[in-house]
Structure formats: structure tokens, C-alpha cells
Amino acid sequence: MNVTFRQLKVFEAVARNLSYTQAARELYLTQPAVSMQIKQLEEHTGLPLLEQIGKKVFLTEAGKEMYHYARSIARELEDAGEVMERLKGLESGKLEVTVATTANAFATRMLAMFKQLHEGVTISLDVTNRERLLQQLSDNEKDIAIMGKPPENDELTTEAFADNPLVVVASPGHPLAALKKVSLKKLQNETFVVREQGSGTRTAMQRFFDEHNLSITSSMEMNENEAIKQSVQAGMGLGVVSVHTIELELETNRLVILNVEDFPIMRHWYLVHRKDKRLSTVAQAFREFVLSKATEFVKVDYI
Ligand code: PGA
């Protein structure tokens, strides 16, 4: 059958509306142009597809069959168009991600894999603490954020995708490292190296100690997990960090996790974006990638 897409498209519109006038309006064509396309289609098929009785248009038996195929071809074409758009977006789109300092331990690996899958995508990554990150979301500066639990806020869409256990770490030579179990009371006499104000880890740690009526002494405040780990290794005190930041140190035995009563403090990682932001094709693809592949990047067995 030698029919064209154009003829099918016009026929689909007339058959759906059962009106030449309505189809012409919908397709921005004149009514004679619509009639001409239908006439040609009928010539190609060798059967009448529509009949007009009075002012009403009806589908013939053959017309009903043809309508079924015209609809499914139109749907397929629409799907193909959407897929092409998606591919265009994924070949050349830009992705603006911001991640909490602590999440950077795995977020960089995630982004590297995502980039391998979509080579044409340009990625911009900002690593910052929780407070600044919430500001970036509120200023609509970024597509997506990866962070600890955001505050209740009607403007944000939040999706948890992995656990984030916070643990107490020490250098292997620390006296508490020899104990099988460390009571919370014992921490009272210890010194801690802590993250800066505004850090999610710091806030969670503070809340935990407050809830347990424990006031701890901090020797130093640092705005990087790396610096905390170095100081703890150097024996400057204990640290509370996410297990996701210490994989290498545990493997090489430069740090140990203390088995402290009521630890770990269980936090979670969230994907966050503004509710009113229409995610681009790339941002949407990254969101799906993180939600489906997180466990390949975020270590869950930690003790
Ligand atoms: P951070 O951690 O701000 O301490 O890097 C992320 C979070 O837990 O929100």
C-alpha cells in the first residue's frame, strides 16, 4: 500500500473528530486540503473509508480498520519523537549537581560512571556543606543535590536512596580501640575533632550527644572530612564521620571504628530538587541512575 504519513495523519484527525472542519482546524489546513488527502488515501487503499450522511461523517467498515492502524502508527511516531528528544538531551545536555562534603566520597564515582554512559553531557559538580547547599537549592542554582535529610520544606522533592551510618573513629593505637564495647559514658572523658558549624554530620552528632545528655570536649573544628581523618590518625582525638568517608583508612588499618553503645547514628542520603523545577532530560536521567544504581557506589556493610 502506497500511503503517506501525511494522509494517515489527516485521516486519523478526521476519523477521531468525525469532522472535516475540526480536523482542518487542528492541523492548520484548509478543508479542501483535508478532503484531498482523504480522497488520495481512499484511492490508494481502493476502498471508501468515510461516508457523509447529511452533515454527519461516519467511518465505513474499512475506515474503522484503517483508523485502528492510523492511531497506532501515530502513537509509534510520537514515541519515536520523544525518544529522539531524550537522546538529544543526553548527548549535549548540562548537569549541575551539588553534593554535601561527605557525599563526595561516592558522588564523584557516580558522576564518572554517568559520564561514561553519556559522553556528551557536561557536568558541573559543587561540593559544599549542608547549609550552603540548602541555600543553592533555594536560589534555584542547581538541578539536583545529594545530601543528608533536608529540613521539612514544601518546596523540595526528596528521595532517600541509601543509608549513611555515622561512626566513632580512632587511631588503632588509641586505648579505647582495645575495648570490645565502649559505653557512652566513656566518651565523656575524650576529646573530639569535629566538623564545622553547618555540616550535617556535625548537627547529627551534636543532636545525638544532646539527646544522651553528654557534653563532649572538642579540640578542633575542621571543614573537611580529610582533615578530621588525618587528625584522628595523628592521635589528636576521636572523630565522628560517615562510614562512606573511611573505606580506604579501614582497609589499610589507619583508622578503626569503635564499637560505641547506641552507635551508629543512622542517617540517610537523599536526592533533592526543587518541586517547581522541571528537571531536564539529563537531570532526570541522573536521578534515575542514582535511584537504581546507588548500592553499587555506596558501601552498606561497614562493620
Ligand atoms: P556534611 O554531611 O554536611 O557533614 O558533609 C552531609 C549531611 O549529612 O547532610
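Calculation criteria
Residues numbered from 1 in each chain as written. Predicted model: local features only at pLDDT ≥ 70, side-chain atom pairs only at ≥ 80, totals over all residues. Heavy atoms only, no water. Buried < 20%, exposed > 50% of the residue type's maximum accessible area, 1.4 Å probe, protein only. Pairing = 2+ DSSP bridges. Helix = DSSP H or I, 4+ residues; strand = E, 2+ residues; numbered from the N terminus. Axes fitted to C-alpha atoms, helices over the stretch in contact; angles between N-to-C directions. Parallel < 35°, antiparallel > 145°, perpendicular 65-115°, else oblique. Contact = heavy atoms within 4.5 Å. Nonpolar A, V, L, I, M, F, W, Y, C, P; charged D, E, K, R; others polar. Near = heavy atom within 4 Å. Polar contact = N/O pair within 3.5 Å; in protein donor to acceptor, adjacent residues only side chain to side chain. Areas by Shrake-Rupley, 256 points an atom, 1.4 Å probe, with all protein chains shown as cover. Patch = residues over 30% accessible without salt bridge, like charges linked within 9 Å, V, L, I, M, F, W, Y side chains within 5 Å. Salt bridge = Lys/Arg side-chain N within 4 Å of Asp/Glu carboxyl O. Domains from an automatic or database assignment. Expected span 1.5 Å × (residues − 1). Bend = angle between axes of the 7 residues up to and from the residue. Lys, Arg positive; Asp, Glu negative; His and termini not counted. Charge placed at Lys NZ, Arg CZ, Asp CG, Glu CD. Arc of directions from axis to C-beta. Right-handed = clockwise from strand over helix to strand, strands pointing away.

Draft legend 1. A look at unusual backbone geometry. The omega angle of the peptide bond from Phe263 to Pro264 is 5°, so this bond is cis rather than trans. In this structure, Asn140 takes a positive phi of about 55° despite not being glycine. Classification of Asn140 by relative accessible area gives partly exposed; the value is 40%.

Draft legend 2. Expanded view of the pairing of strand β1 (residues 50–53). Across four bridges, β1 lies against strand β2 (residues 56–59) in antiparallel orientation. Bridge pairing in β2 links Gln52 to Val57. Taking the residues that link successive antiparallel strands as the turn, the β1-β2 hairpin has two residues, and the phi of Gly54 there is positive, at about 65°.

Draft legend 3. Region of the structure containing the packing of helix α2 (residues 20–27) against helix α3 (residues 31–45). Close contact between α2 and α3 brings their axes to 9 Å; oriented N to C, the two are set at 105°. Of the possible angle classes, the one that applies to α2 and α3 is roughly perpendicular. The segment α2 lies against α3, with Tyr20, Thr21 and Ala24 engaging Gln31, Val34, Ser35 and Ile38. Looking at side-chain class alone, the contact of α2 with α3 contains four nonpolar, three polar and no charged residues.

Draft legend 4. The arrangement of the environment of Glu61 in detail. You can see Glu61 is positioned in helix α4 (residues 61–92). Using a relative accessible area of 61% as the deciding quantity, one classes Glu61 as exposed.

Draft legend 5. Seen up close, the side chain of Gln136. Within the element layout of this structure, Gln136 appears in helix α6 (residues 130–138). A residue is classified by how much of its surface remains accessible, and Gln136, at 0% relative accessible area, is buried. Setting aside chain neighbours within four positions, we find Gln136 in contact with Thr98, Asp126, Thr128, Glu141 and Lys142.

Draft legend 6. Looking closely at the site of the ligand. Every residue lining the ligand is accounted for by Ala100, Thr101, Thr102, Arg130, Gly148, Arg195, Ser199, Gly200, Thr201, Arg267 and Trp269. At 3.4 Å from an oxygen atom of the ligand is found a main-chain nitrogen or oxygen belonging to Thr101. Note that an oxygen atom of the ligand is positioned 2.7 Å from one of the side-chain N or O atoms of Arg267. Burial of the ligand by the protein amounts to 100% of the accessible area it has alone, namely 280 Å².

Draft legend 7. Examining a nonpolar patch on the surface more closely. A cluster of nonpolar residues, Val83, Met84 and Leu87, forms a patch on the protein surface that exposes about 260 Å² of accessible area. Residue placement: Val83 occurs in helix α4. When its relative accessible area of 42% is taken as the criterion, Val83 is described as partly exposed.

Draft legend 8. Representation of the domain arrangement of the chain within the structure. Domain boundaries in the chain define domain 1 (5–88), domain 2 (94–162 + 268–297) and domain 3 (164–266). Each of domain 1 and domain 2 was reduced to a C-alpha centroid, and the two centroids are 44 Å apart.

Draft legend 9. Representation of helix α11 (residues 281–297) in the model. Over its 17 residues, α11 extends 22 Å from the first C-alpha to the last, a length consistent with the 24 Å expected when each residue adds 1.5 Å. Along α11, the helix axis deviates most sharply at Leu291, where the bend reaches about 50°. For α11, the full list of buried residues reads Val282, Ala283, Ala285, Phe286, Arg287, Phe289, Val290, Ala294 and Phe297.

Draft legend 10. View of the pattern of salt bridges. Considering all chains together, one arrives at 15 salt bridges under this definition. Notably, a salt bridge pairs Arg16 with Glu26, separated by 2.7 Å at the nearest N-O pair. You can see Arg16 sitting in helix α1 (residues 5–17) and its partner Glu26 sitting in helix α2, a full ten residues away along the chain. Residue Glu26 is classed as partly exposed on the basis of its relative accessible area, which comes to 35%.

Draft legend 11. Here's a closer look at a negative patch on the surface. A cluster of acidic residues, Glu76, Glu78, Asp79 and Glu82, forms a negative patch at the surface. Mapping Glu82 onto the fold places it in helix α4.

Draft legend 12. Highlighting α2. Restricting attention to buried positions, one finds in α2 the residues Tyr20, Ala23 and Ala24. An end-on view of α2 places all buried positions within 100° of arc, on one side of the element. Packing partners of the buried residues in α2 comprise α1, α3, β1 and β2. At the N-terminal end of α2, a side-chain oxygen is found 3.3 Å from the backbone nitrogen of Thr21, two or three residues along, and the residue is Ser19. In the stretch just after α2, Tyr28 is the one whose phi turns positive, near 55°.

Draft legend 13. Fine view of the pairing of strand β7 (residues 191–195). Counting buried residues along β7, four of its five residues qualify, which places the element largely inside the surrounding structure. Here β7 pairs with strand β8 (residues 217–222) via five bridges, running parallel. Bridge pairing links Arg195 to Met222 in β8. For the crossover from β7 across helix α8 (residues 200–211) to β8, the handedness is right-handed. As defined by bridge partners, β7 adjoins strand β9 (residues 238–242) across two bridges and the pair is classed as parallel. The residue bridging Phe192 from the neighbouring strand is Leu238, located in β9.

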